[in-house]
Amino acid sequence: MASSLTTFTDEAKIALDTLSGRAAGLFAPSLRLGVTGLSRAGKTVFISALVHNLVHGGRLPLFEAQKSGRIARAFLEEQPDDAVPRFQYEDHIAALVVDRVWPDSTRAISELRLTIEYESASGWSRMFSAGKLSVDVVDYPGEWLLDLPLLGKSYADFSREAFEMAVLPVRVDLSREWQALSASVDPNADADEMTARRLAESFAAYLKACKLDERALSTLPPGRFLMPGDLEGSPALTFAPLPKLGLGRARYGSLQAMMERRYEAYKTYVVKPFFREHITRLDRQIVLIDALQALNAGPGAMADLERAVTEILSCFRPGRGNFLTDLFSRRIDRILVAATKADHLHHESHDWLQAIVRRLADRAVARANFTGADVDVVAMAAMRATREGTVKQGRETLPVIIGTPLRGEKINGETFDGKTETAIFPGDLPEKVDAVFDGFESKHQQNDDDPAIRFVRFRPPKLERTAEGVTLSLPHIRLDRALQFLIGDHLA
Ligand SMILES: Nc1nc2c(ncn2[C@@H]2O[C@H](COP(=O)(O)OP(=O)(O)OP(=O)(O)O)[C@@H](O)[C@H]2O)c(=O)[nH]1
Ligand SMILES: [Mg+2]
């Protein structure tokens, strides 16, 4: 009886899916896992490591189904959506394991289906069938997610907010050129393609400058200006905010009217379809953040990251005030906010990093007034590129991390060659989590010689091989904890 009930709900879910245009995978229960994060947050590495560890039986003690030996096998299958590019798992693994280089940056959505055959933990379910769960992993740029709030904003709102943000201390110097150009145009003048293009390019250049490493800013709609996907150069991307717009309607044929129409086209043809086709079908979501990079860039970047996480969470908030509530065919019930690259810190500091992410997520949950899904946090490294050690300095013994910095990385004037292993002391971290968030309004750190954390990029690790030449599983930090939260309950 219990079993037929579960089957029934699964079928009901699938019926909904089919309605929304999805016919494949009719009878295998599936779970759609969204993986997002701003560019370079670690999405590609996370998905590659997750799949590799499951397919090759990696060390995952905190992932209960694996630990108790209930997973019979995990393998890749054909994905359900023919129109979405496949996540190039094999290429990424080859880059990581064979060449020891990080995979190339990805700029669009992609998908991969991983199927897990398992034995249920409860004898009752076991009697009826062996379990099979298909996990559809969907990788998409977080920048696109930050477009959701645009759906509720008019062109005038969007313009006003863009100019408000542009004068914040962390952004003002980067936005100067674009602001000057904007000030020189008259919104009421006749529409002109070249003016529109110059403004759009200048605006995009400012947004891109905000994303550079040393600034590490996060909240930057419209997302396609940073990640155009296949839309580069199209009119829906050739617009920009205009300053000092009045309340009245734009004159027909004016620059303002043109910009407004294109902004609306962006919402209609870019933002809405993306949400309808991809986001509304997710069951679980992991949001990867590069907290270390933001910490390194100073409180302004932390505040910005917090704002981004707040907006991202608002996208998944069910209920009033969310334009997509009616569209949701499934409801996201678990969201994990994960700080990746924890292997840049000694393990003694992992809890510290997790506390920072906890703090950030709690504030975002409160600010987004978020309910309806469990939100958890983790400090992890999908692929651990370092080992740990200690170094004696005078009387002190310092905890260090040891790895091979990427070629061209610098510390204290030394430039690395990409081959030499080096021990690095990550720096004294502020003991109190509060200290990281304090002084939000203060100017960003100008002092590049003394960043808060000494932070270099390492090459992917050299992997041990057995006598037969088989590569042992990919090392990680707490990837198993992330897995347990994201899919563990579906394998119970
Ligand atoms: N040490 C370490 N570095 C990592 C880890 N994950 C990601 N990185 C670093 O972060 C960079 C970005 O990782 P990706 O997985 O490509 O990030 P992404 O989010 O897919 O980036 P885009 O596709 O450009 O949006 C990598 O090139 C690595 O330098 C990790 O677990 N440990
Ligand atoms: Mg990627």
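Scroll up to find the structure this text is about.
This section reports on the structure supplied with the text. (Residues numbered from 1 in each chain as written. Chains lettered and ligands numbered in written order. Predicted model: local features only at pLDDT ≥ 70, side-chain atom pairs only at ≥ 80, totals over all residues. Heavy atoms only, no water.)

## As for the coordination of the magnesium ion (ligand 2)
Coordination of the magnesium ion (ligand 2) by the protein involves Thr44 (OG1) and Thr106 (OG1), with metal-donor separations of 2.0 Å. Of this pair, Thr44 sits in helix H2 (residues 43-55) while Thr106 is found in the loop between helix H4 (89-99) and strand E3 (110-118), placing the two residues 62 residues apart along the sequence. Judged by relative accessible area, which is 9%, Thr44 ranks as buried. Here Thr106 falls in the partly exposed class, since its relative accessible area comes to 31%. (Donors = N, O, S within 2.8 Å, 3.2 Å for Na, K, Ca; no water. Helix = DSSP H or I, 4+ residues; strand = E, 2+ residues; numbered from the N terminus. Buried < 20%, exposed > 50% of the residue type's maximum accessible area, 1.4 Å probe, protein only.)

## Focus: the sheet that holds strand E6 (residues 334-339)
The mixed open sheet is built from seven strands, whose spatial order is E2-E3-E4-E1-E5-E6-E7. Two strands close off the open sheet at either side, each with one partner strand: strand E2 (71-77) and strand E7 (374-379). Between one strand axis and the next, the sheet turns by 20 degrees as a mean value, whatever way the strands run. (Pairing = 2+ DSSP bridges. Axes fitted to C-alpha atoms, helices over the stretch in contact; angles between N-to-C directions.)

## What to know about the site of ligand 1
Near ligand 1 lie 18 residues; those nearest to it are Lys43, Thr44, Ser105, Thr106 and Asp343. At 2.7 Å from an oxygen atom of ligand 1 is found a side-chain nitrogen or oxygen belonging to Thr44. Contact between ligand 1 and Met383: a nitrogen atom at 2.9 Å from a main-chain N or O atom of the residue. Isolated, ligand 1 exposes 650 Å² of accessible area, and the fraction of that covered by the protein chains is 97%. Partitioned by chemical class, the residues of the shell around ligand 1 number seven nonpolar, six polar and five charged. (Near = heavy atom within 4 Å. Polar contact = N/O pair within 3.5 Å; in protein donor to acceptor, adjacent residues only side chain to side chain. Areas by Shrake-Rupley, 256 points an atom, 1.4 Å probe, with all protein chains shown as cover. Nonpolar A, V, L, I, M, F, W, Y, C, P; charged D, E, K, R; others polar.)

## Focus: the environment of Glu264
Following the sequence through the fold, Glu264 ends up in helix H11 (residues 255-277). Through-space distance from the C-alpha of Glu264 to that of Leu150 is 9.5 Å; in sequence the pair is 114 residues apart.

## Points about the environment of Leu486
Position of Leu486 relative to the elements: it lies in helix H16 (residues 479-487). The sequence separation of Leu486 and Gln285 amounts to 201 residues, and the corresponding C-alpha distance is 7.7 Å. Those residues within four positions of Leu486 in sequence are excluded, and the remaining contacts are Leu31, Leu33, Phe46, Arg284, Gln285, Ile286 and Leu336. (Contact = heavy atoms within 4.5 Å.)

## Here we look at the pairing of strand E4 (residues 131-141)
Here E4 lies mainly inside the structure; ten of its eleven residues are buried. Bridging between E3 and E4 involves nine bridges; their strand directions are antiparallel. Residue pairing for E4: Ile116 is matched across the bridge by Leu133.

## A few points about H2
Taking 1.5 Å as the rise per residue, H2 with 13 residues should run 18 Å; its terminal C-alpha atoms sit 18 Å apart, in good agreement. For H2, a buried count of twelve out of 13 residues is recorded, marking the element as mostly surrounded by other parts of the structure. Along H2, the residues classified as buried are Lys43, Thr44, Val45, Phe46, Ile47, Ser48, Ala49, Leu50, Val51, His52, Asn53 and Leu54. Phi for Gly57, located one or two positions after H2, is positive at around 60 degrees. (Expected span 1.5 Å × (residues − 1).)

By themselves, these observations are geometric and do not establish any function.
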